Amino acid sequence: MDDHDVLPVGGLRLGVQVPSRDAAIDLVGGLLVDAGAVAPGYVEAMHEREAIVSSMVGPGVAMPHGTDASRALVRRTMVAVVQLAAAIDWDGHPVRVVIGLASDSEAHLPLMARLAEVLQDPSRLARLLSTEEVEEVRQLLLGSPADADPAADPDAEAEAEVEAEAGRGPAGEPVDVVVDVAVEVCVGADVGLHARPAARVAAVAAAQDVAVTVGRPGRTPVDATSMLSLLTLGADRGEMVEVRATGPGARGAVEAVVAAIAAP
């Protein structure tokens with residue numbers, strides 16, 4: 001399924017006034033129902049899940065979706081986006097953008113990965129929260145990932161890697177050996193690396209002094225401090241993921257994140 005089908009123009013509303021979190025869920029869920037992506041009962045399942053755990057995924061953004069049991073009500077994968085004219089309270093946090101998710105496959109994961117990039121980029125996040133153009137929202141969430149740095153020299157990077165492995169800097173001077181730690185771990189939570197487990201792992205990773213990534217075989221690793229990025233992995237209970245960190249303190253950081261992922 002094409003990303004543009006996952007986020008259709010008819011699934012976006014900008015500058016909307018709503019009085020409460022429940023009203024926002026009703027609105028974004030209604031867009032999913034109106035598009036035929038879900039059966040009407042899915043909206044109630046979105047409320048049920050919200051009562052269990054908050055769907056906050058980043059500054060100013062929430063992503064409500066149904067319970068695991070409600071997947072039978074999903075007819076096709078779709079994302080609906082509602083941008084609010086004024087922030088509403090969402091479990092003590094101000095929210096301006098509500099993203100309703102209905103998924104019966106992994107077709108939404110590329111779009112979620114793109115959203116994770118936006119949440120980590122203050123300028124793009126500000127545009128998502130305030131733009132008055134539907135097409136700008138679609139560009140932010142469907143556009144191509146940022147181009148690679150044109151100034152980067154692949155040959156120079158490869159040479160630097162070789163020099164580092166040999167314990168020498170660019171001019172041949174001695175350098176500290178880089179510690180690269182990678183450990184595979186089995187996801188322990190019943191719900192997989194979703195919701196509360198993902199939030200727990202992100203919190204543990206954020207407390208480390210070194211950057212940590214989590215990845216699945218054949219996929220690009222994601223930032224372990226980003227709950228949304230972890231959700232895009234779609235890792236279920238019993239599946240293996242790789243935790244990796246590089247630099248001083250890497251081993252302790254990896255061990256801490258591994259423990260959080262393995263926890264039931």
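Residue numbers here run from 1 along each chain, matching the order of that chain's written sequence. The predicted nature of this model means local features are confined to residues of pLDDT at least 70 and side-chain atom pairs, given and counted, to a pLDDT of 80 or more, with totals for whole chains, interfaces and linings taken over all residues. As a rule here, side-chain values come from all non-hydrogen atoms in the structure, and water together with hydrogens is ignored.

1. Focus: the sheet that holds strand 1 (residues 12-16)
So, step 1. Note on pairing: DSSP must find at least two bridges between two strands before they are called paired. Here a strand is any run of E in DSSP of at least two residues, a helix any run of H or I of at least four, and the numbering for each starts at the N terminus. Spatial strand order, 1-4-5-3-2: five strands in an open sheet with mixed pairing. The sheet is open, and its two edges are formed by strand 1 and strand 2 (56-58), each paired on a single side. Along the sheet, successive strands turn relative to each other by an average axial angle of 25°, direction set aside.
So, step 2. Both strand 4 (residues 78-90) and strand 5 (residues 93-102) contribute to a ladder of nine bridges, which runs antiparallel. Only C-alpha atoms enter the line fits that serve as axes; for helices the fit covers just the stretch in contact. Angles between N-to-C directions range over 0 to 180 degrees.

2. So, the nonpolar core
So, step 1. What is meant by a nonpolar core is a set of buried Ala, Val, Leu, Ile, Met, Phe, Trp, Tyr and Cys residues, joined one to another through side-chain atoms within 4.5 Å. Classification of residues uses two cut-offs on accessible area relative to the type maximum, computed with a 1.4 Å probe and protein chains only: under 20% is buried, over 50% is exposed, and between them is partly exposed. Val 79, Val 81, Val 214, Leu 228, Leu 230, Val 243 and Ile 261 are the most contacted members of the largest nonpolar core, which has 54 residues in total.
So, step 2. For this core, the element with the highest residue contribution is helix 10 (residues 250-262), accounting for seven residues.
So, step 3. Ranked by size, the runner-up nonpolar core spans 23 residues in total, among them Leu 32, Tyr 42, Met 46 and Trp 90.

3. Quick look at the pattern of salt bridges
So, step 1. For this document, the term salt bridge refers to a Lys or Arg side-chain nitrogen within 4 Å of an Asp or Glu carboxyl oxygen. Enumeration over the complete set of coordinates arrives at twelve salt bridges.
So, step 2. When the shortest N-O distance is used, the salt bridge between Arg 124 and Asp 121 registers 2.9 Å.
So, step 3. For Arg 124, a relative accessible area of 15% corresponds to the buried category.
So, step 4. Here the residues in one salt-bridge network are Arg 114, Glu 117, Asp 121 and Arg 124, joined through shared partners.

4. So, the packing of helix 4 (residues 109-119) against helix 5 (residues 122-130)
So, step 1. Two elements in contact, helix 4 and helix 5, have axes whose closest approach is 6 Å; the angle formed by their N-to-C orientations is 110°. In this view, helix 4 runs roughly perpendicular relative to helix 5, as classed from their interaxial angle. Residue-level contacts link Arg 114, Leu 115, Glu 117, Val 118 and Leu 119 of helix 4 to Arg 124, Leu 125 and Leu 128 of helix 5. Throughout this description, any angle smaller than 35 degrees is read as roughly parallel, any larger than 145 degrees as roughly antiparallel, any in the 65 to 115 degree range as roughly perpendicular, and the remainder as oblique. Every residue pair with non-hydrogen atoms within 4.5 Å of one another is taken to be in contact.

5. Looking at the environment of Val 181
So, step 1. Position of Val 181 relative to the elements: it lies in strand 6 (residues 180-186).
So, step 2. Spatially, the C-alpha atom of Val 181 lies 6.2 Å from that of Thr 246, the residues being 65 residues apart in sequence.
So, step 3. Ignoring any residue separated from it by four or fewer positions in sequence, one finds Val 181 in contact with Val 243, Arg 244, Ala 245, Ala 250, Arg 251 and Val 254.

6. As for the pairing of strand 5
So, step 1. Most of strand 5 sits out of view: seven of its ten residues are buried.
So, step 2. Between strand 4 and strand 5, which pair antiparallel in sequence order, lie two residues; one of them, Asp 91, sits at a positive phi of approximately 55°.

Take it as geometry only, folks, not as evidence of what the structure does.
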